[in-house]
Amino acid sequence: MSQQADDFKKLTAHAKEYGFIYQSSEIYDGLSAVYDYGPNGSELKNNIKEYWWKAMVQMHDNIVGIDAAIFMHPKTWKASGHVDAFNDPLVDNKDSKRRYRADQLIEDAIDKLTEKAEKEIEKAKKRFGGSFDEKLYRDTNPRVSGYLQRAADITHRMNAALGAGDMEALKALIEELEIADPETGSKNWTDVRQFNLMFFTQLGNIAGEEGKLYLRPETAQGIFVNFLNVQKTTRQRLPFGIAQIGKAFRNEIVARQFIFRMREFEQMEMQFFIKPGTQQEWFNYWKQYRLKWHLALGTPAGKLRYHEHENLAHYADAAVDIEFEFPFGFKELEGIHSRTDFDLTSHQKLSGKKMQYFDPEMNESYVPYVVETSIGCDRMFLALLSNALVEEVVGDDEGNTRDVLKLHPALAPVKCAVLPLKRNEEPLVKKAKDIFNQLKLSFPTQYDDTGSIGKLYRRQDAIGTPYCVTVDFESLDNDTVTLRERDSMAQERVPIDKVEEIVRKKVDMRQLFE
Ligand code: ATP
């Protein structure tokens with residue numbers, strides 16, 4: 001197993017062991033690509049949502065929030081294009097009966113070509129040492145440039161086929177690249193066909209197609225259909241935004257990579273309504289603002305990058321992804337899309353209701369343009385967890401390691417743990433419980449006396465608790481405790497009545513906005 005695969009396995013095991021994420025319905029062997037959040041997971045997820053909401057709604061006096069229903073009138077999805085075009089290219093292997101996304105199989109083959117080129121470059125680097133000119137080698141070594149050119153050519157042809165909805169061209173690429181089923185090696189494929197990703201259900205009182213309801217595949221449409229309601233009731237003027245956090249559902253063909261690709265997940269989306277013609281300016285604004293949001297959490301800049309779309313969705317005139325380096329490589333974490341007036345115009349046409357804004361400065365009405373930012377809360381969770389989980393050698397003793405979750409303190413599920421040095425000493429336990437009962441009024445705090453102090457510290461490190469308060473015999477004499485900081489493991493003697501202030505400062509979300 002590669003180091004990366006190993007790290008990822010460790011991460012998923014850690015997430016379960018410490019109450020972050022469980023497989024849904026595990027006692028029935030689980031439901032694929034559906035997950036439940038445990039006690040620490042739900043705290044962390046709530047904190048991510050709070051950080052997003054504050055950054056988008058509280059920090060912008062021209063952004064307001066809503067909470068729309070998951071079920072919407074079925075015409076919504078006709079207007080948005082999801083009924084006709086929210087498809088992924090599906091291919092079945094006739095021997096193994098396994099299903100795959102044709103574009104993902106081709107992407108994996110492209111990755112293999114680039115890996116081959118990178119391996120050649122690594123080898124050459126070692127051979128030539130300090131005098132190695134990587135750029136020159138990339139451009140002139142026939143084997144390397146051959147691999148890279150082929151990768152670029154296949155990417156281009158795949159994007160063109162996806163853009164044109166040309167399933168035969170995708171099948172031809174699978175054959176040309178001699179792609180085999182990753183599980184069994186069989187190359188016996190069906191034709192590639194479009195598969196709609198929306199889940200549906202039926203209204204109780206209407207039979208047939210008429211009563212067919214979809215589980216929303218994105219939260220954005222709840223915002224578009226409410227655009228006028230919100231604009232009128234809040235009397236916002238353009239430019240202004242509507243934000244929403246909520247569940248979305250997609251019948252993903254291949255569910256893999258843990259909570260990266262789920263069938264039920266949560267989105268945090270904001271649609272920013274603007275004057276036509278200003279979309280480039282706002283697109284740039286939101287592109288930068290959203291990257292800053294990620295960086296403020298301490299995520300290293302090298303783990304985040306922009307990926308401009310070559311292949312634009314039917315509704316967009318510009319699109320960029322913020323990608324994060326997950327344990328399985330750089331992948332989309334968030335999308336920023338300039339959606340033009342596509343959605344509002346489509347709803348206007350299909351509903352027959354005007355979706356226009358009266359611009360008092362121009363003294364005219366028009367359909368606003370929209371720039372949206374859209375991030376999966378679960379994907380963000382995975383990004384944070386994979387960035388934060390570190391195995392560290394403690395002290396000089398090489399054999400002694402700890403797993404520590406170096407989450408930003410403002411997002412940590414538990415902010416402080418109160419630990420009596422000995423659990424059978426009544427005065428210590430009482431003092432510790434008194435401190436705990438005070439601190440829990442201010443932030444999520446845990447009391448724990450179920451092990452030796454070393455073990456208790458490790459447990460708190462593993463869930464990312466920024467501070468531990470240890471109550472010992474000295475505490476009984478002079479009302480001081482030991483405050484231990486998670487990352488440095490530094491211990492400091494502080495008066496009990498100062499603990500709340502120190503911890504509060506450290507975990508305050510305000511520092512993320514300063
Ligand atoms: P992908 O290409 O990975 O399928 P997408 O481009 O379809 O994603 P969008 O429709 O732009 O994704 O959705 C916005 C965000 O919602 C994504 O950036 C991602 O964070 C999140 N998201 C989308 N699909 C899923 C999913 N199946 N599971 C978890 N999060 C998802």
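Before reading further, recall that the structure is shown in the block above.
Computed from a prediction, not measured in an experiment: that's the story for all the values here. (Residues numbered from 1 in each chain as written. Predicted model: local features only at pLDDT ≥ 70, side-chain atom pairs only at ≥ 80, totals over all residues. Heavy atoms only, no water.)

A. Expanded view of the sheet that holds strand β9 (residues 240-249). Taken in spatial order, the seven strands line up as β3-β9-β10-β16-β13-β12-β11 in an open sheet, and their pairing is mixed. Looking at the sheet topology across the chains shown, the edges are occupied by β3 (63-66) and β11 (304-308). Ignoring strand direction, the axes of neighbouring strands in this sheet form an average angle of 25°. Pairing geometry for β9 and strand β10 (residues 264-274), over ten bridges, is antiparallel. Paired with G246 across the two strands is Q267, which belongs to β10. (Pairing = 2+ DSSP bridges. Helix = DSSP H or I, 4+ residues; strand = E, 2+ residues; numbered from the N terminus. Axes fitted to C-alpha atoms, helices over the stretch in contact; angles between N-to-C directions.)

B. How the structure looks around the pattern of salt bridges. For the coordinates displayed, the defined rule picks out 47 salt bridges. R101 is paired through a salt bridge with D88; the nearest N and O atoms lie 3.4 Å apart. Note that R101 is positioned in strand β5 (residues 99-101) and D88 in strand β4 (residues 87-92), a separation of 13 residues in sequence. One salt bridge connects E134 with K125, and the closest N-O pair in it is separated by 3.4 Å. On the basis of relative accessibility, which here comes to 27%, the residue E134 falls in the partly exposed class. Ionic contacts of the salt-bridge type, sharing partners, join the residues E392, R402, K406, R458, D461 and R484 into one network. (Salt bridge = Lys/Arg side-chain N within 4 Å of Asp/Glu carboxyl O. Buried < 20%, exposed > 50% of the residue type's maximum accessible area, 1.4 Å probe, protein only.)

C. Geometry of the site of the ligand. The local shell around the ligand holds 16 residues, among which E252, R261, M262, E332 and L333 are the closest. At 2.8 Å from a nitrogen atom of the ligand is found a main-chain nitrogen or oxygen belonging to M262. Contact between the ligand and R379: an oxygen atom at 3.0 Å from a side-chain N or O atom of the residue. Relative to its free-state accessible area of 600 Å², the ligand is covered by the protein chains to the extent of 84%. (Near = heavy atom within 4 Å. Polar contact = N/O pair within 3.5 Å; in protein donor to acceptor, adjacent residues only side chain to side chain. Areas by Shrake-Rupley, 256 points an atom, 1.4 Å probe, with all protein chains shown as cover.)

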